[in-house]
Amino acid sequence: MTGKEVIKFIQDEGIQVVDLKFVDMPGLWQHFSMSAREFEEDAFTEGCGFDGSSIRGFQAINESEMLLMTDADTMFVDPFTAIPTLSLICDVRDPVTGELYSRDPRHIAKKAEAYLKSSKVADRCYFGPEAEFYILDSVRFDQSYNYGYYHIDSEEGFWNSGKKDTDTQKNLGYKIRYKEGYFPVPPADSLQDIRSEMMVTMERLGIRVEVHHHEVGTAGQTEIDLRFDTLTKMGDNMLKYKYVTKNVARRHGKTVTFMPKPIFQDNGSGMHVHQSLWSGKKNLFFHKGKYADLSEPAVHYIGGLLKHAAALLAFCAPTTNSYRRLVPGYEAPINLIYSQRNRSACVRIPMYSTSEKSKRLEFRCPDPSANPYLAMSAMLMAGLDGIAKKIQPPEPVDKDLYDLEPEEKAKVKSTPGSLEEVLNALEEDHEFLLKGGVFTQDLIDTWIEYKRKKENDAIRLRPHPYEFALYFDI
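These notes cover the structure that comes with them. (Residues numbered from 1 in each chain as written. Predicted model: local features only at pLDDT ≥ 70, side-chain atom pairs only at ≥ 80, totals over all residues. Heavy atoms only, no water.)

**As for the overall build of the protein chain**
Now for step 1: Each helix and strand in the protein chain was counted, giving 13 helices and 18 strands.
Now for step 2: A compact globule built from 474 residues should have a C-alpha radius of gyration of about 23 Å, and the protein chain, at 23 Å, falls within 12% of that.
Now for step 3: Projected onto its principal axes, the C-alpha coordinates of the protein chain cover approximately 65 × 65 × 50 Å.
Now for step 4: Within the protein chain, buried positions represent 54% of all 474 residues.
Now for step 5: Considering only contacts within the protein chain whose residues lie at least 6 apart along the sequence, 68% involve residues at least 24 apart.
Now for step 6: Total accessible area on the protein chain is roughly 22700 Å²; 51% of this is exposed by carbon and sulfur atoms.
Now for step 7: Measuring between centres, the 59 positive side-chain charges of the protein chain sit 4 Å from its 70 negative side-chain charges. (Helix = DSSP H or I, 4+ residues; strand = E, 2+ residues; numbered from the N terminus. Rg over C-alpha atoms; globule rule 2.2 N^0.38 Å. Buried < 20%, exposed > 50% of the residue type's maximum accessible area, 1.4 Å probe, protein only. Contact = heavy atoms within 4.5 Å. Areas by Shrake-Rupley, 256 points an atom, 1.4 Å probe, with all protein chains shown as cover. Lys, Arg positive; Asp, Glu negative; His and termini not counted. Charge placed at Lys NZ, Arg CZ, Asp CG, Glu CD.)

As structure tokens, this is what we get:
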């Protein structure tokens, strides 16, 4: 698309509002809207100004002016607005230097793709995330100096199996037992139509969806899988994915959370990321006859992911809540090994097909709280570092990792257990991210400072509700 074609579309389709969207550092879309009458072609060349000091992780107040550069190829008609609205995803530019903004996550994704091409290893990378989330009926939470609590609920939750009838609602049973939510048909799966509506809405926005289904957790855990795409496009698609799922749920009087672990003692929500490298029509990860039909570059790519896993998790599992999920059990991928079938391994090689076109690896540690642009860029950089340095991962393990003999188990390293640990790891291990100027030292320092101050310290300094159960009478 060109700017001129976008303007023509606005006129032909009776668009009244143009909405400009961009992503903040933690990974949430921000936006402002313009009258379509005021939106002109120079928005694609000169940009639209905004205050960057009010955006998380962006500018200081004394250097707040920033520009949004609209990307014509990203336009879509918003399916949720009452007034005909055209949305455009934007890049961020510094108006003084004229350069694209180094802390703009979307810019980092574009730089990662450019670095891949310049490395001559491959000409493109594909990513296919499998994001999980919960669809709930209500949520309440609050925190002050003298109290703190949360309460979530779902008609589907097994804790409601004994709920009394009311004048407006009867308890009809069919509650999903804890950890038994994988693939039941309706009426136990009460969310079939909502998930289908989410899928169809995504497809209207140009996103290819492969499958949707109920996930293991009670209370509406869900998975919708996207067809693979290139890095920046997939980052765009993941933000559309969150936008669609949250707004479709709201239409039905429900709410969506991408928190990795919202429910105690049930499965958390991950974002398993499938990835492969291609040169022309050749899949560089495929070598027939080797272990899991993996090529040597694929094994070295895995080596890079596992070597840098602790630092990667600062972007791929970037919340304190992420480490309520990354614990033994609950199918959590905490073991720093790779395997062709084992789901508790950090890297799994799907074996559903033996064809070259389907050969890929699946990095299972990430969760959907991640900023997709930063997480996928970091994964690519770690994998390329593994290829460049020919990093050899530990030997693959296809046994049940929870049934290993103690001597074998001691040899299997695990992922870190807290946000503090992975931020420390990123501080020590980030040279691989700086190659080609993809990530900058400023962005990494800003990320670490933000996460420590705004999230890790904020949790660390507050009493936890369960501490009252443990210690009040001590």
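Having put the structure on the table, let's press on.
**Some details on the packing of aromatic side chains**
Now for step 1: Under the defined criterion, the tally for this structure stands at 19 aromatic pairs.
Now for step 2: Here the aromatic rings of Phe285 and Tyr301 are separated by 5.1 Å at their centres, their planes lie at 65°, and the arrangement is edge-to-face. In this pair, Phe285 is assigned in the loop between β15 (282-283) and α5 (296-307) and Tyr301 in helix α5, connecting sequence segments 16 residues apart. One exposure class covers both Phe285 and Tyr301, and it is buried.
Now for step 3: For the pair Phe468 and Phe472, a centre-to-centre distance of 6.5 Å together with 25° between the ring planes defines the contact as stacked.
Now for step 4: Its relative accessible area of 52% is what places Phe468 among the exposed residues.
Now for step 5: Within the aromatic cluster, the residues linked to one another by ring pairs are Phe22, Phe50, Phe58 and Tyr101.
Now for step 6: The ring centre of Trp29 lies 5.6 Å from the NZ or CZ of Lys21, which sits over that ring.
Now for step 7: Across from the ring centre of Tyr243, 5.0 Å away, lies the NZ or CZ of Lys21, which sits over that ring. (Phe/Tyr/Trp six-rings, centres within 6.5 Å; stacked < 30°, edge-to-face > 60°. Lys NZ or Arg CZ within 6 Å of the ring centre and 35° of its normal.)

**Remarks on the side chain of Thr446**
Now for step 1: Take Thr446: it is sitting in helix α12 (residues 441-460).
Now for step 2: Overall, Thr446 belongs to the buried group, its relative accessible area being 12%.
Now for step 3: Of note is the side chain of Thr446, whose polar atom sits 2.7 Å from the backbone oxygen of Asp442.
Now for step 4: When neighbours within four sequence positions are excluded, Thr446 is seen to be in contact with Met25, Gly57 and Arg103. (Polar contact = N/O pair within 3.5 Å; in protein donor to acceptor, adjacent residues only side chain to side chain.)

**Here's the deal with the side chain of His308**
Now for step 1: As for its placement among the helices and strands, His308 is situated in the loop between α5 and α6 (309-316).
Now for step 2: Polar side-chain contacts of His308 include one of 2.8 Å to the side chain of Asp429.
Now for step 3: Not counting residues within four places of it along the chain, the set of residues in contact with His308 comprises Ala382, Asp385, Asp429 and Phe432.

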